Amino acid sequence: MSARRVLTVDDSRTMRNMVAFTLRNAGYAVEEAQDGAEAIKALQIGNYDLVITDLNMPTMDGLALVRAMRATPRNRATPILILTTEADAEKKAAGRAAGATGWLVKPFNPQRLIEITAKVCA
Amino acid sequence: MEGMDDIRATFFEECAELLGNAAELLGQLADGSAGDDTLHAIFRAVHSIKGGAGAFGFTRLVEFTHVAETLMDSLRNGRSAPTEEIISLLVRAIDSLGDLVAAEQTGTQLPSNFGAEIVAAMTQAANDGADSPIGQSAGSRAPSAAGAIQSPRQCIIGFAPQPQVFRNGNEPILILTQLARLGEADIQPDLSRLPNLDALDPEDSYLVWTIHLTTIAPEAELREVFEFVEDDCRLTLADAPPPAIAPSPPPAALPAGDATVGPPQAPPDPPPAAARAEKPNQAPSPQTRSIRVDIEKVDRLVNLVGELVITQAVLLEQSSGLSVDQHPDLLRGIEGLSQHARELQESVMAIRAQPVKSVFSRIPRLVRDLAAELGRDVRIIMTGENTEIDKTVIEQLGDPLTHMIRNAIDHGIEPPAERMAAGKPAQGTIHLSAEHRSGRIVIEISDDGRGINRDQVRRKAESKGLIPANANLSDDEITNLIFLPGFSTAEKVSNVSGRGVGMDVVKRNVQAMGGRINLESRFGTGSRFTLSLPLTLAILDGMVVAIGRQTYIIPLSNIVENLRPRAGDIRPLVGYGEVLALRGDYISLVPLHGIFGIPGAVTNPCNGIVVIVEGDGGKRLALLVDELIGQQQVVVKSIEENYGSVEGIGGATILGNGRVALILDVSRLRCARPPPAQAQAA
């Protein structure tokens, strides 16, 4: 079976690298985008098994990305994890309402990221 | 694949960028040129640092950024107003953040109360804006399941997802798989709600499961499996009595739950978001026009191009004797090569070039802070911030520039009352400009302050024994005495510019990057510092000199003057060897042929040329060489990297004739001087 494809979307290079490093070690194929708009471009071309996105980004933020994905037939069912430092319920609810699958609060430990990824992406 | 160290390095690199950005944006906020997005952008910068810091376990950094973020958040939500106090608080916070980042990067331990005052002030400011504190602990963890290890128990889990569970990308089967990993699971589906095919919506979920799980995992862990679907399902968790393994009927709770699941709450609506579906192609991100390259790769490229330029020079020189008639194509080819090599070199240098803005952008704040501290009213006007120079030069430019600005405010600009009395506007002006001038970058710092009092400078220099009494000096020479080590014009040492470093350090820094510094000043009307810097450190303006059959390069930035001494100017001085008497001053004579052991060189200074150079700390030396060959730009090759450190030699280069020439490091030359024990044969 070919590796699952994950798209990590974050304006912080450090975070993207962290996610990519962790998941690559766990056998996923990881690609990176630095904001929602870039992610949309990638999603138009590629098929991803999971999108992991930050909320707070320039140009197009995480919620807008989730909404845009859910409104596109192609990405309607793609699992989306929101990765953010904002742990408050308000943000989680907004993420859910927009159509996010799950969330992970930064700072995460790598094991937890792998677990959660497995939970939403076979 | 990248390792953790690389990610760490990326993090620190990114922090530096983000902090630089934040500082610049705060500056815009302060002077009112901020745009709508400014606050958000600063927030994002702090936020990103916090995210990375958390990932690496830099707790202090996380705590500090969290407080800053809370304040920023209250600003961008309009709960607090960005007053001058708050901006200056944030500016200090960004500074402290820089220190915290640096401490993590270098592994330094900061005092435990570091930044406490700023944290307190920020918390206060954020609370003033909000009725209640906004955020508490950063990165709150899931409640830890306290308690001892439990023996396996059996529990019964009822899992009834709502029909729209798929719509958020959740997949019940994955959840069940996870659950099965926690112990021994018996999973039974309830298909009773499955409609007939014609009524079935393939995007809805109709199944309900009952799971009998034998596990040691605490309940919290079981619930965590369902964390993403808990709002989209009906979940029951119950302990089963251990002995009685109840295979059938599922607990009563479930059918009841079934009833509440009911019909889809929201019909599978063509969501209103559909209208927005085509919108994501908004403004393309501006960053996509640039790529990020490891500086080492660029350095390697610069180096290779340097080699290419040398090879090209060798070819050019070798072909200079050839006749155009006999080798027209070869010569045309070599000419083309020369031109392309030069262009290539310029292009490669341009990759490393950065606008001086990164250094200039820190200055307005420095001016503001210092002016406030010293009770001056100063405005700064900057021009040419977009002038580009080599990254390495920029990195070394910060310190001298900062010091000169401090100096201009502390010693140059008078207090407002004094200015009014002198008939000047109360507000002093400092101009900072950068421009390209004949292959170098020239940075000027001028102020309309009190200027330099030459009489005072002269008296001070005499009293400190820096110059002989009654020395015959031009106005310019007197002015430039302030660059001598041990000279300080301030009557009393202030805590601003009198930090034990003087203009001599500035001059040394500037010279270290192959630059020159000059000061013009008119007493009463102001001063102007002119810094002339090379565009890159990889290329050096040198004077090619011959000693015996050897060729050496003396960096032009060190050279003060060249002369051929008369016999009477050379005098032996006990303990110093020979000295050269020059306009009332004595300068140590350094016979380079003696130091480097070169046979057949000119030994009588009166038959050779003496090059007066100035090294670190303004110490002058008179270097004896056979003759001057000419001035030339040379590509600097590190000798330490390829061979080892040599006293008095700063590097090497390859000349057009293919021969290697060593580049003198004037500042380290005098240490290399052997005891002058040689017979002074004429």
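The structure this text deals with has already been given above.
Treat the numbers as computed from the prediction; the structure is a model and nothing was measured.

Visitor: Please provide a residue-by-residue account of the sheet that holds strand β3 (residues 208-215) of chain B, values included.
Guide: All names here are of chain B. Strand order in the open sheet formed by four strands is β2-β3-β1-β4, with antiparallel pairing between adjacent strands. A strand with exactly one partner marks an edge of an open sheet, and here the two such strands are β2 (183-190) and β4 (233-239). If you compare each strand with its neighbour and ignore which way they point, the axes differ by 15° on average. With seven bridges joining them, strand β1 (residues 153-161) and β3 adopt antiparallel strand pairing.

Visitor: Mind laying out the pattern of salt bridges, listing which residues take part and the relevant values?
Guide: Overall, the coordinates contain 29 salt bridges over all chains when judged by the stated rule. Among the ionic pairs, Arg-5 of chain A bridges to Glu-31 of chain A, the shortest N-O distance being 2.9 Å. One end of the pair, Arg-5 of chain A, is in strand β1 (residues 5-9); the other, Glu-31 of chain A, is in strand β2 (residues 29-33), with 26 residues separating them in the sequence. In this structure Arg-5 of chain A comes out as partly exposed when scored by relative accessible area, which is 26%. By relative accessible area, Glu-31 of chain A is classed as partly exposed at 29%. Three or more residues joined by partner-sharing salt bridges are found here, namely Arg-112 and Lys-119 of chain A together with Glu-224 and Glu-227 of chain B.

Visitor: How would you explain the pairing of strand β21 (residues 649-654) of chain B if you had to name every residue and give the values?
Guide: Residue and element names in this part refer to chain B. In terms of strand pairing, β21 meets strand β22 (residues 660-664) through five bridges, oriented antiparallel. Note that in β22 the partner of Ala-652 across the bridge is Leu-662. Counting the residues that bridge the hairpin from β21 to β22 gives five residues, and of these Gly-658 lies at a positive phi of roughly 85°.

Visitor: Give me helix α2 (residues 38-56) of chain B: which residues, what numbers.
Guide: All names here are of chain B. The first and last C-alpha atoms of α2 sit 28 Å apart over 19 residues, in line with the 27 Å expected at 1.5 Å per residue. Burial within α2 is extensive, with 18 of its 19 residues counted as buried. Phi turns positive one or two residues past the end of α2, at Gly-57, with a value near 75°.

Visitor: Outline the packing of helix α1 (residues 13-25) of chain A against helix α5 (residues 110-120) of chain A, supporting the account with residue identities and numerical values.
Guide: All names here are of chain A. For the pair α1 and α5, interaxial distance at closest approach is 10 Å and the crossing angle is 70°. Here α1 is positioned roughly perpendicular relative to α5, judged by the angle of their axes. For the element pair α1 and α5, the recorded crossing hand is right-handed. Residues Val-19, Thr-22 and Leu-23 of α1 pack against Pro-110, Leu-113, Ile-114 and Thr-117 of α5. By residue class, the composition of the contact of α1 with α5 is five nonpolar, two polar and no charged.

Visitor: Can you break down the nonpolar core residue by residue, with the values?
Guide: Residues Leu-7 and Ile-52 of chain A together with Leu-61 and Met-122 of chain B are the most contacted members of the largest nonpolar core, which totals 88 residues. Broken down by element, the residue count for this core peaks at 11 residues, all from helix α4 (residues 84-106) of chain B. Ignoring anything within four residues of it in the chain, the contact list for Ile-52 of chain A reads Val-6, Leu-7, Thr-8, Val-9, Val-19, Leu-23, Leu-81, Leu-83, Leu-113 and Thr-117 of chain A. With 45 residues, the next largest nonpolar core counts Ile-389, Ile-430, Ala-434 and Ile-478 of chain B among its residues.

Visitor: I'd love a proper account of the sheet that holds β2 of chain A, names of residues and values included.
Guide: Residues and elements named next belong to chain A. With parallel pairing, the five strands of this open sheet are ordered in space as β2-β1-β3-β4-β5. Each having just a single partner strand, β2 and β5 (102-105) make up the two edges of the open sheet. This sheet shows a mean twist of 20° between the axes of neighbouring strands, independent of strand direction. Sheet topology note: the β1/β2 ladder contains five bridges and is parallel. Paired with Thr-8 across the two strands is Glu-32, which belongs to β2. Packed on one face of the sheet, α1 meets β1, β2, β3 (50-53) and β4 (80-84) and runs near 170° to β2. Sheet strands touched by helix α2 (residues 36-45): β1, β2 and β3. Its angle to β1, the strand with the most contacts, is close to 160°.

Visitor: Account for the interface of chain A and chain B, naming residues and giving values.
Guide: Contacts between the two partners involve 51 residues from chain A and, on the opposite side, 49 residues from chain B. In this assembly, chain A packs against chain B so that about 4300 Å² is buried in total across both faces, 52% of it on carbon and sulfur atoms. Among the residues of chain A in contact with chain B, Arg-13, Arg-96 and Lys-119 of chain A are the three that bury the most area, contributing 18% of the side total. Counting across the interface, chain A meets chain B through seven salt bridges. Between Arg-112 of chain A and Glu-224 of chain B there is a salt bridge, and its shortest N-O distance comes to 3.1 Å. Sorting the residues of the side of chain A that touches chain B by element identifies α1, α2, α3 (62-70), β4, β5 and α5 of chain A as the ones contributing at least two each.

Visitor: Could you give an account of empty space enclosed by the protein, with specific residues and numbers?
Guide: With the rule as written, the count across this model stands at three cavities of 30 Å³ or more. Empty space within the largest cavity amounts to approximately 80 Å³. In terms of lining residues, the largest cavity is bounded by 12 residues, among which Ile-82, Lys-91, Lys-92, Gly-95 and Trp-103 of chain A are the most central. When contributions to the lining of the largest cavity are tallied by element, the ones reaching two or more residues are β4, α4 (89-98) and β5 of chain A. Here the lining of the largest cavity gets four residues from one element, more than from any other, and that element is α4 of chain A. Classifying every residue of the lining of the largest cavity gives five nonpolar, three polar and four charged. Here the second largest cavity is characterised by a volume of approximately 40 Å³. Lining the second largest cavity are Ile-42, Val-46, Ala-68, Met-72, Leu-90, Ala-93, Ile-94 and Leu-97 of chain B. Contributions of two or more residues to the lining of the second largest cavity are made by α2, α3 (59-76) and α4 of chain B. When residues in the lining of the second largest cavity are grouped by element, the largest group, four residues, is from α4 of chain B. Residue composition of the lining of the second largest cavity, by class: eight nonpolar, no polar and no charged.

The rules behind these values
Residues numbered from 1 in each chain as written. Chains lettered and ligands numbered in written order. Predicted model: local features only at pLDDT ≥ 70, side-chain atom pairs only at ≥ 80, totals over all residues. Heavy atoms only, no water. Pairing = 2+ DSSP bridges. Helix = DSSP H or I, 4+ residues; strand = E, 2+ residues; numbered from the N terminus. Axes fitted to C-alpha atoms, helices over the stretch in contact; angles between N-to-C directions. Salt bridge = Lys/Arg side-chain N within 4 Å of Asp/Glu carboxyl O. Buried < 20%, exposed > 50% of the residue type's maximum accessible area, 1.4 Å probe, protein only. Expected span 1.5 Å × (residues − 1). Parallel < 35°, antiparallel > 145°, perpendicular 65-115°, else oblique. Left-handed = near helix turned anticlockwise from the far one by under 90°. Contact = heavy atoms within 4.5 Å. Nonpolar A, V, L, I, M, F, W, Y, C, P; charged D, E, K, R; others polar. Core = buried A, V, L, I, M, F, W, Y, C linked by side-chain atoms within 4.5 Å. Buried area = accessible area lost by both parts, 1.4 Å probe. 1 Å grid on protein atoms, 1.4 Å probe; cavity = no way out; pocket = protein on both sides within 12 Å on 5 of 7 lines; lining within 4 Å. Points joined across faces, edges and corners; volume = space filled by probe spheres on them.

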